[in-house]
Amino acid sequence: MKRKIIWRKHLVKRVGFLLLGTAMFTGSYGLVMTGMTHLLLAVEAKRFGSVLVNSVPTIHRAMCLRMPIDWVIYRPEFFISRTFGNPLYALIFILIAISFFVGPLFCGWLCPAGLTEHLSRLMPSRLKFSLAGKVDPAPLRYGFLIGYIFVAAPMFRGTPIRSICCSYCNWTWTEHVWEAVFGDFHGFIAWTSAGLITFLLWFLILGIFMKGGRGFCIFLCPAGALMNLAYFLGKHIPFAWKLKVEKEKCTLCGICVRECPTLALNIVAKSEKTLTINHHVCNLCMDCVNLCPTNALKYGKG
Ligand code: SF4
Ligand code: SF4
Ligand code: SF4
């Protein structure tokens, strides 16, 4: 009973944070983007006596967590000039640096695209499929990241393949869905076949119809892959925060394995059966910490 109350409180807290992330980052009403726009407007007005910034940015236009990755690799001077005009373009690198020390908390608690996880909870179990304990998402995830970086190379500039990363963007769809919730359906009307595939993958097949609802995150999101790579590297230093299992407390009941939304937990038979954490995909949602009946999972320093 006590565990159920802890679990419900945790879910309420997490949905609250994801809605806060949505309010901060989604659509033309996103607080972070509108705040930055007003700041830029004020700076422009002070410097030039007139206003040059004339549009309210949205998550994928002015706070994109993906395009700056390829700018830094292939066009660093362009990244510097764009970031000078709008510091939000540096956000992905701040998130990667934070992930090195404390893990990808942004993914588990603030990214608006993560709400699919909770919509998936509302789906009846018989309509969902589960990949828990069956697939290791890390190779596909890093493979997609490498592909993403490859097709962003200058030799593909001006070709249709170059736009693959923007065409298959789940944040764009997150915004379209929220705009539709508030009565603006233009995003749906303007969809392309690539957009439709993304919607099917992010929202339906790997979203609400997959147990955990985070399929797009763990297989296809390059920003999440980089944050997890930083988390994996950082976890080796003693003062970084990470998720750990206290083996002597774990009864191998499997509850956490079944419920982990990112397929990060597995019970494997080495010399003896043991619970393993895949830090390449764990997004620190803390579901397992709050579900474990023996408090065997801990997030902390060291
Ligand atoms: S993996 Fe990507 S889409 Fe998923 S929560 Fe993280 S940043 Fe958002
Ligand atoms: S829920 Fe707790 S006891 Fe059960 S397998 Fe996970 S860590 Fe071990
Ligand atoms: S391992 Fe635990 S904290 Fe990490 S994603 Fe799975 S349930 Fe969340």
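Please read all numbers here as calculations on a predicted model, not as lab measurements.

Conventions we followed
- Residues numbered from 1 in each chain as written.
- Chains lettered and ligands numbered in written order.
- Predicted model: local features only at pLDDT ≥ 70, side-chain atom pairs only at ≥ 80, totals over all residues.
- Helix = DSSP H or I, 4+ residues; strand = E, 2+ residues; numbered from the N terminus.
- Expected span 1.5 Å × (residues − 1).
- Buried ≥ 20, exposed ≤ 12 C-beta atoms within 10 Å, placed from the backbone.
- Core = buried A, V, L, I, M, F, W, Y, C linked by C-beta atoms within 7 Å.
- Domains from an automatic or database assignment.
- Contact = placed C-beta atoms within 7 Å.
- Pairing = 2+ DSSP bridges.
- Near = placed C-beta within 6 Å.
- Nonpolar A, V, L, I, M, F, W, Y, C, P; charged D, E, K, R; others polar.
- Axes fitted to C-alpha atoms, helices over the stretch in contact; angles between N-to-C directions.
- Left-handed = near helix turned anticlockwise from the far one by under 90°.

**Comments concerning helix α11 (residues 170-181)**
Taking 1.5 Å as the rise per residue, α11 with twelve residues should run 16 Å; its terminal C-alpha atoms sit 17 Å apart, in good agreement. α11 sits mainly inside the fold: nine of its twelve residues count as buried.

**Side note on the nonpolar core**
Membership of the largest hydrophobic core comes to 59 residues, with the highest contact counts inside it found for Trp202, Phe216, Leu226 and Met227. Broken down by secondary-structure element, the contributors of at least two residues to this core are α6 (91-102), α7 (105-109), α9 (138-151), α11, α13 (193-208), α14 (215-220) and α15 (222-234). In terms of residue count, the dominant contributor to this core is α15 (seven residues). Lining this core are residues from two domains, each supplying at least three of them: domain 1 (2-234) and domain 2 (241-301). In this structure, methionine 227 is in contact with Leu95, Ile96, Ser99, Pro104, Phe106 and Cys107, ignoring residues within four places of it in sequence.

**With respect to the domain arrangement of the protein**
If you check the domain split of the protein, you get domain 1 (2-234) and domain 2 (241-301). For domain 1 versus domain 2, the separation of C-alpha centres amounts to 26 Å. Per-element tally for the side of domain 1 that touches domain 2: the top contributor is helix α1 (residues 2-25), with five residues.

**Focus on the pairing of strand β3 (residues 273-277)**
Two strands pair when backbone bridges link them, and strand β2 (residues 265-269) and β3 are joined in this way by five bridges, in the antiparallel orientation. Bridging across to β3, isoleucine 267 finds its partner in leucine 275.

**Some remarks on α1**
End to end, α1 covers 35 Å across 24 residues, agreeing with the expected 34 Å (1.5 Å per residue, within 8%). Of the positions making up α1, those classed as buried are Leu18, Gly21, Thr22 and Phe25.

**As for the site of ligand 3**
Lining the immediate environment of ligand 3, one finds 14 residues, of which Cys260, Ala264, Cys282, Cys285 and Cys288 sit closest. For the shell around ligand 3, the per-class residue count stands at eleven nonpolar, two polar and one charged.

**With respect to the packing of α9 against α15**
Here α9 crosses α15 at 115 degrees, and the two axes come no closer than 9 Å. Of the two elements, α9 crosses α15, and the hand of that crossing is left-handed. Taken together, the residues of α15 that come into contact with α9 (itself represented by Arg141, Tyr142, Phe144, Leu145 and Tyr148) are Pro222, Ala225 and Leu226. A per-class count over the contact of α9 with α15 returns seven nonpolar, no polar and one charged.

**A look at the site of ligand 2**
Taken together, 13 residues sit near ligand 2, with Cys250, Cys253, Cys256, Cys292 and Ala296 positioned nearest. Residue classes in the shell around ligand 2 are distributed as ten nonpolar, three polar and no charged.

**Digging into the environment of aspartate 70**
With respect to the helices and strands, the residue aspartate 70 is situated in helix α4 (residues 67-74). Expressed as a C-alpha distance, the spacing of aspartate 70 and valine 151, which sit 81 residues apart in the sequence, is 9.5 Å. Filtering out sequence-adjacent residues up to four positions away, aspartate 70 remains in contact with Ile149 and Ala152.

**Section: the environment of valine 32**
Topologically, valine 32 is positioned in helix α2 (residues 31-48). A residue is classified by how many C-beta atoms lie within 10 Å of it, and valine 32, with 18 of them, is partly exposed. Sequence separation between valine 32 and methionine 63 is 31 residues; the distance between their C-alpha atoms is 9.1 Å. With sequence-adjacent residues up to four places away left out, valine 32 is seen in contact with Met24, Phe25 and Met63.

**Observations regarding the environment of proline 104**
Within the secondary structure, proline 104 sits in the loop between α6 and α7. Classification of proline 104 by C-beta neighbours within 10 Å gives buried; the count is 29. In sequence terms proline 104 and asparagine 295 are 191 residues apart; their C-alpha atoms lie 22 Å from each other. In this structure, proline 104 is in contact with Ser99, Gly224, Met227, Asn228, Tyr231, Asn283 and Leu284, ignoring residues within four places of it in sequence.

**Some thoughts on unusual backbone geometry**
The phi dihedral of leucine 252 is positive, around 60 degrees, even though this residue is not glycine. Following the sequence through the fold, leucine 252 ends up in the loop between β1 (241-245) and α16 (255-259). Residue leucine 252 is classed as exposed on the basis of its 12 C-beta neighbours within 10 Å. With a phi angle near 60 degrees, leucine 263 is a residue other than glycine that sits in the positive phi range. Here leucine 263 lies in the loop between α16 and β2. When the 26 C-beta atoms within 10 Å are taken as the criterion, leucine 263 is described as buried.

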